Structures are given as structure tokens and as C-alpha cells.
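A structural walkthrough
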Amino acid sequence: MKWPDLRGVDTKNSVAKLILKLGGYNQLTSESEATVNEIIEQTWGMRFNSGQVYNRARSADHLPGCPEWLNSNQLRTFQEPGLVVWNNLDQKIEHLGGSAALNLLDRLLCTDAWKTEGVFITHLVQEFSVEIARRGRRKKTESEEKLEKPPSKPYYKEMLHLPPSAGNELIKLIQADEAAITKMAEFERLQFDLVMKGFWESVLKSHRRIEQDEIDFSARNFNWQHTSEARWNCQYQSTTGKVCLPEEKWQWCACAERPGLPRRLKYWEKFQEAIEWVEKEIVDLANQPETEVQPSSPSFEQILAEHIRLQEKLRNGPCWVNPSLLETKKPTYKIFIELDAEPTTYKTFTSFCSGQTFRIDERFLTPTKLSAVLNLPYDHFGFEQILGENSGWHRITSLTAFYQETTVAEQAQDVWNRSRILQQFKAGQIKRARYGYQEVETGYTVFLGICEKPEDAWGAPESRDEYFAQKALRESLCFALDIEDYRAFLGLSVKDISDDRLLECMHTARARSTHLPEQAIRESKIWLALHEPIRGENHATK
């Protein structure tokens, strides 16, 4: 027996009455009303399958609540994770994923048409037809007719229909499992994004491979070398040209470089255009005149020789500051720890011209979080980030000052032993660290121990005499306000720091000094006050 099309009618009465009449009932009694409700409930069903209870049973007998009419394909649908609905009259079953179930809930809550017309379960589909060749020979008199059929557009197709009574039950079921369905929808979106990303990567990869195959490099004037899947190099005199494809494969990266000259870099959508641009640029770069070799940064030995020369120049002069003046009679001490921390997160960037990989977007622990990780109470220590916020170089000093050198040495050792610096160093979270104690008045530091790797080693600590000689020379140079001598002392070129910035640094050191004459300190304070707008501009543009 085939059930009639019951859309648009009151299924709770019409269907029930029809079934009862077929069963021999002519009038509805209280007993038959109960039978009606039972029959109506049996015309449709729904369930939600979570991922945890999903199984692959092959028989309806092994699944509670499973309709008996399910075939093998429908049985798999019955077990799919998500919302499953079926109609016993039509013997149809449909599965809705997380996103589709949430869309259905939104439609049921925002519209009332389902209360009279019933619930329509739809899927977005796109239909197409494939013409199958007819078997056998075609008679000569028969002409082959080919009809061009336009491609269909995606549309929502009705897959299953439920009576109005199912609407409220669907709302209750989806809302009861809304949290799980929402997670399922999020997972579906992630899966869809991954699939689409993989699809476009495959399309782009194929397109880029075709682009490379279309060029006949043997017919070109330059000897191009295919060094990897999507990287080409060529050499012309002392100039190198490269064309390579970044990881995202959206554009070709083309560059031309010659030692001593700025690198030329440009991105192209087409491989042919990138190759032609590089060939033009490497010839142009090769014809550029030779440039003067820029002096490299002075070595440690050269800087040390400059310091000796400057000491001889200033010694016994009017601007010389004797190192003995920098000593203090009753120093106080603080615990001192210095360390370089690794970033907690970072991204990598590979230069497509040089092939070198660099770290970018590094994120470091804040001082408060670092103190907890190292077991150094934040309330007991001061944290200074030498390179500014979001950097890993820290100088940590105790907020408590000590009068006795032996006491601060013992306390520094105890703090180091109780900290977790060594554990973090072993775990690779800290590059290097050292500890000791520092004189508050002079800044001289005595180091008691270090942990370091050969590639990140600390320099040898200065002796007390070396420290005060260096500090006295700096004070003397700032007192003299000689820009060139101060530049030689720092070992910096004009490209590293401007004359105006050096002058500002010297005046700042003079104004903060406690050893220079009062007149020199006053002059520098006046100079800094008068040049404050210029200093602000320099800082902004630096």
C-alpha cells in the first residue's frame, strides 16, 4: 500500500482517521484517540548522535529506536553524527550536520509556516546531467542530436517532509543538545576551511608548475638553474638573479642583487614577467659603477686601542675625571641577576632571495609572569627590560639593600639556589644567565656564577680597576663634549648614531653626574631644557 501525499493537511487528524478507517474504525472513541496519538508518533522520528556514541552497526536490530524499513545505506545515515530525522510513511531518512541543524532551529524559531505546512528538510544541491551513449549501431538515417543543457544553479531541494507536530519536538531536541551541535558546526567549518585551503593550494601548485613548463629556458640568453621545485637562479658577471615562489604561492618573488649595492625586489603574478624583469635588472646592476667599500664595525681590539689613546689625550687635562673620585666610602649592595630569555612564541620568515630563516613576531614573558616562572617574588625584586617592553634581556635587582658584602653574597647565592633559572636554562627557555651583587652607589657588579652556552657566552667580567677606569673615561669625554672622541669611545659610525643624538647623550650624562663641577651640570641641564623639542623630534624619527 502506498501512502498518499499528505502535505498541507492536518496530519494529526486526517492521517490518523485514514489509518483508522483502513483498520475498520468508523468513529473515534477515547480509546481510538489514544491509538491516533500512538500512530501519529510512529509516522516520523528524530534523534541526535554525538560523536562519542557513533557506531557502525549493520543491523537495525542492534540499534534502539531504529526503524525496521532502513536499508544498508539508510542504516549508515541513521548512525551519522549529528541530527537524524526520518518519515516512516515515505520511508525517507536525512542527516543534518551541526551547521544545518542550527540553521533549521533558526528557521523554526523565526517563522510560523511550519505550524500549518509542516517541516521541510532541505539540502543545498546542484544537479547536473550526463548523457550516456546509446548502445548498438545507429542507422545511417538517424542523425546525432546534441542538446546543450545549461548548468544548473545551486538551490535548496526538499529531501524530507515532517508533520507540524514534529516542529516543536525538533526545537526541543536541538536546544537540548545545542552546545554539542555548536561544537560540531565549528568543527565542520574548520574542516571546510582546510579542504578549501588544500584545494586552492593544489590548484595554484598545478598552475605554477604549468607556468614553468611553458618557458623554454634553453632558448634564453641567460643560464637559468632550477635549484628546487619553484626556485630559479641565474648569474651574470657579479650579479645574481633569483625567482622563487613563496609558501602561499600567490605571487612570484623576483630579486636581483650585487655585493655592495641595495637588493632589488619585486613581486609578479606571472612567472614569465618575473623572469624577464630579473634578466633586465641583473644587466643594469652589473653596469653600475663600483661603490666604495663601507668600513666594518671596529673590532674589540681597535676599540680598546682607542680607549688607551683617549685616556692619554685627556689625562692631566682640565676635563679629566680621576677614577678615585668615583669610589664610595660606605657602599651598599643589592642582589643582581642578569639573563636572556627565549621568546615564548614566534613566527619564522624565510628570505626567498637568500634562503635564510628569521624569527619574527616574537613574544616574551612579562616581568610579572617571568618572576613566577623563575620563583623570584615580584614584590621582592625590581625587573628592568634592557631593550624595552616585550624583550628577553632582563636585569633583576633586590629591592632590599645590604650593608655587609658578605651578607649580600650569601643572600645572592641563596636566591640563585632557590630560583628555577637553572631548570629553565636546561629546558631551553633561557639562553644565558649570571648572578652576583652590585654596589648601589657605583654600579660595579661582582659576579658569583654564570650559566651559558658557547654561542651565547657572556663577556669576561671587568675587574674593579677596569670598571672605574672605563667609567672615569666616559665621564671625562662627556665633560669635554667632544663628539668625535665620544664616537670613537663607543665604536659607532655616523650611520649608527647622529652627531645630534651623541651630543644629547653627553649632555644627559653630564646633567646626571655627581662627580663633575656644578657649573658643567648646570650648563647641561639648561641645554637639555632649551633643546627639548628637538630631542622629542629626534626620538620620534629614530
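For the structure itself, consult the block above.
In this report, the structure presented in the accompanying data block is examined. (Residues numbered from 1 in each chain as written. Predicted model: local features only at pLDDT ≥ 70, side-chain atom pairs only at ≥ 80, totals over all residues. Heavy atoms only, no water.)

Observations regarding the packing of aromatic side chains
Definition in use: Only Phe, Tyr and Trp rings are paired, with Trp represented by its six-membered ring, and only when their centres lie within 6.5 Å; those with planes under 30 degrees apart are stacked, over 60 edge-to-face, the remainder tilted. Starting at the N terminus, helices and strands are each numbered in turn, a helix being any DSSP run of H or I of at least four residues and a strand any DSSP run of E of at least two. Remark: exposure states derive from per-residue accessible area (1.4 Å probe, protein chains only) relative to the maximum for the residue type, with buried under 20%, exposed over 50%, and partly exposed in between.
This model, assessed by the stated rule, comprises 17 aromatic pairs. Where Tyr444 meets Tyr467, the ring centres are 5.3 Å apart and the plane angle is 50°; that geometry is what we call tilted. Here Tyr444, found in the loop between strand S16 (430-439) and strand S17 (445-451), pairs with Tyr467, found in helix H13 (residues 464-480); they are 23 residues apart in sequence, far enough to count as distant. Each member of the pair, Tyr444 together with Tyr467, is buried.

Description of helix H4 (residues 98-110)
Because the α-helix completes a turn every 3.6 residues, residues three or four places apart line up on one side. How we decide: The length a helix should cover is 1.5 Å for every residue beyond the first. It is the directions from the helix axis to the C-beta atoms whose arc is reported. Residue contacts are defined here by distance: any two heavy atoms, one from each residue, within 4.5 Å place the two residues in contact.
If you check H4, its first and last C-alpha atoms are 18 Å apart, about what 13 residues at 1.5 Å a residue would give, namely 18 Å. Gly98, Ala101, Leu104, Leu105 and Leu108 are the residues of H4 that are buried. Looking straight down H4, one finds that the buried residues subtend no more than 125° of arc, so they occupy a single side. With respect to the buried face of H4, the exposed residues turned more than 90 degrees away are Asn103 and Cys110. On its buried side, H4 packs onto strand S2 (82-87), strand S3 (92-96), helix H5 (114-117), strand S4 (119-125), helix H6 (165-176) and helix H7 (178-213).

Digging into the sheet that holds S2
Two modes of strand pairing occur in sheets, parallel and antiparallel, and in both the strands are linked by backbone hydrogen bonds. Threshold: Any two strands between which DSSP finds at least two bridges are classified as paired. The angle between two axes is taken between their N-to-C directions and runs from 0 to 180 degrees, where each axis is a line fitted to C-alpha atoms and a helix contributes only its stretch in contact.
Read across the open sheet, the 3 strands follow the order S1-S2-S3; overall the sheet is antiparallel. Each having just a single partner strand, strand S1 (44-49) and S3 make up the two edges of the open sheet. Pairwise comparison of adjacent strand axes, ignoring direction, gives a mean angle of 15° for this sheet. Direction of pairing for S2 relative to S3: antiparallel, over a ladder of 5 bridges. In the sheet register, Asn87 faces S3, and the bridge partner there is Lys92. Packed on one face of the sheet, H4 meets S2 and S3 and runs near 100° to S3. The strands touched by H6 are S1 and S2; relative to S1, the strand with the most contacts, the crossing angle is about 10°.

Side note on the pairing of strand S10 (residues 264-268)
Across 5 bridges, strand S9 (residues 252-257) lies against S10 in antiparallel orientation. Along S10, the bridge assignment pairs Ala256 with Arg264. Linking two consecutive strands that pair antiparallel, namely S9 and S10, is a turn of 6 residues; a positive phi of about 90° is found at Gly260 within it.

A word on the pairing of S2
Burial analysis of S2 places 6 of its 6 residues in the buried class, which makes it a mostly covered element. Relative to S2, S1 runs antiparallel, the two being bridged by 6 bridges. Bridged to Trp44 within S2 is Asn87. Here S2 hands over to S3 after 4 residues, with Gln91 in that stretch at a positive phi of 55°.

Describing the sheet that holds S16
Spatial strand order, S14-S15-S11-S16-S17: 5 strands in an open sheet with antiparallel pairing. Only two strands of the sheet have a single partner each, and these edge strands are strand S14 (381-385) and S17. Geometrically, the sheet is characterised by an average inter-axis angle of 20° between neighbouring strands, direction not taken into account. Strand direction decides the pairing type here: strand S11 (residues 333-341) and S16, joined by 9 bridges, are antiparallel. Paired with Lys334 across the two strands is Gln438, which belongs to S16. Along the sheet, helix H10 (residues 367-374) makes contact with S11, S14, strand S15 (393-398) and S16, crossing S14 at roughly 125°. With respect to the sheet, helix H11 (residues 405-418) is in contact with S11, S14, S16 and S17, its orientation differing from that of S16 by roughly 160°.

Some words on the side chain of Ser513
Tracing the chain through its elements places Ser513 in the loop between helix H15 (499-512) and helix H16 (518-530). Take Ser513: its relative accessible area is 7%, and that puts it in the buried class. Once residues within four sequence positions are removed from consideration, Ser513 is found in contact with Glu475 and Ile521.

Considering the pattern of salt bridges
Note the following rule: Throughout this description, the term salt bridge denotes a Lys or Arg side-chain nitrogen within 4 Å of a carboxyl oxygen of Asp or Glu.
For the structure on display, the rule yields 21 salt bridges. Here Arg208 ties to Glu211 by a salt bridge, and the two come within 2.7 Å at their closest N and O atoms. Of this pair, Arg208 and Glu211 both sit in helix H7, 3 residues apart, roughly one helical turn. Overall, the relative accessible area of 5% leaves Arg208 in the buried class. The closest approach of N and O atoms between Glu281 and Arg264, which form a salt bridge, is 2.6 Å. Placement of Glu281 in helix H8 (residues 271-286) and of Arg264 in strand S10 is noted, with a sequence separation of 17 residues between them. Look at Glu281 and you get buried, because its relative accessible area is 12%. Residue classification places Arg264 among the partly exposed positions, given a relative accessible area of 24%. A cluster of three or more residues bridged by salt bridges with shared partners is formed by Lys242, Glu257 and Arg263.

Observations concerning the packing of H15 against H16
Inclusion rule: An angle below 35 degrees is read as roughly parallel, one above 145 as roughly antiparallel, one from 65 to 115 as roughly perpendicular, and any other as oblique. In this scheme the crossing of two helices becomes right-handed for a clockwise turn of the near helix relative to the far one and left-handed for an anticlockwise turn of less than a right angle. For this scheme, ten residues count as nonpolar: Ala, Val, Leu, Ile, Met, Phe, Trp, Tyr, Cys and Pro. Four count as charged, namely Asp, Glu, Lys and Arg, and the remainder, Gly too, count as polar.
Their axes nearest at 8 Å, the elements H15 and H16 cross at an angle of 130°. As far as their axial angle goes, H16 and H15 are oblique. Here H15 and H16 pass one another in a crossing that is left-handed. Counting all contacts with H15, which are made through Leu503, Glu504, His507, Thr508, Arg510 and Ala511, the residues of H16 involved are Ala520, Ile521, Glu523, Ser524, Lys525, Trp527 and Leu528. Broken down by class, the residue content of the contact of H15 with H16 amounts to 6 nonpolar, 3 polar and 4 charged.

Considerations on the nonpolar core
Put simply, the test is: Note on terminology: a nonpolar core comprises buried Ala, Val, Leu, Ile, Met, Phe, Trp, Tyr and Cys residues joined through side-chain atoms within 4.5 Å.
With 23 residues, the main nonpolar core has Ile337, Leu339, Leu374, Leu376, Ile396, Ile421 and Ala433 as its most contacted residues. Residue assignment for this core shows that the elements contributing at least two residues are S11, H10, S14, H11, helix H12 (421-426) and S16. For this core, the element with the most residues is S11, which contributes 5 residues. Contacts of Leu339, omitting those with residues within four sequence positions, involve Leu370, Leu374, Gly392, Trp393, His394, Ile396, Ile421, Arg432, Ala433 and Trp458.

All we've got here are geometric facts, nothing functional implied.
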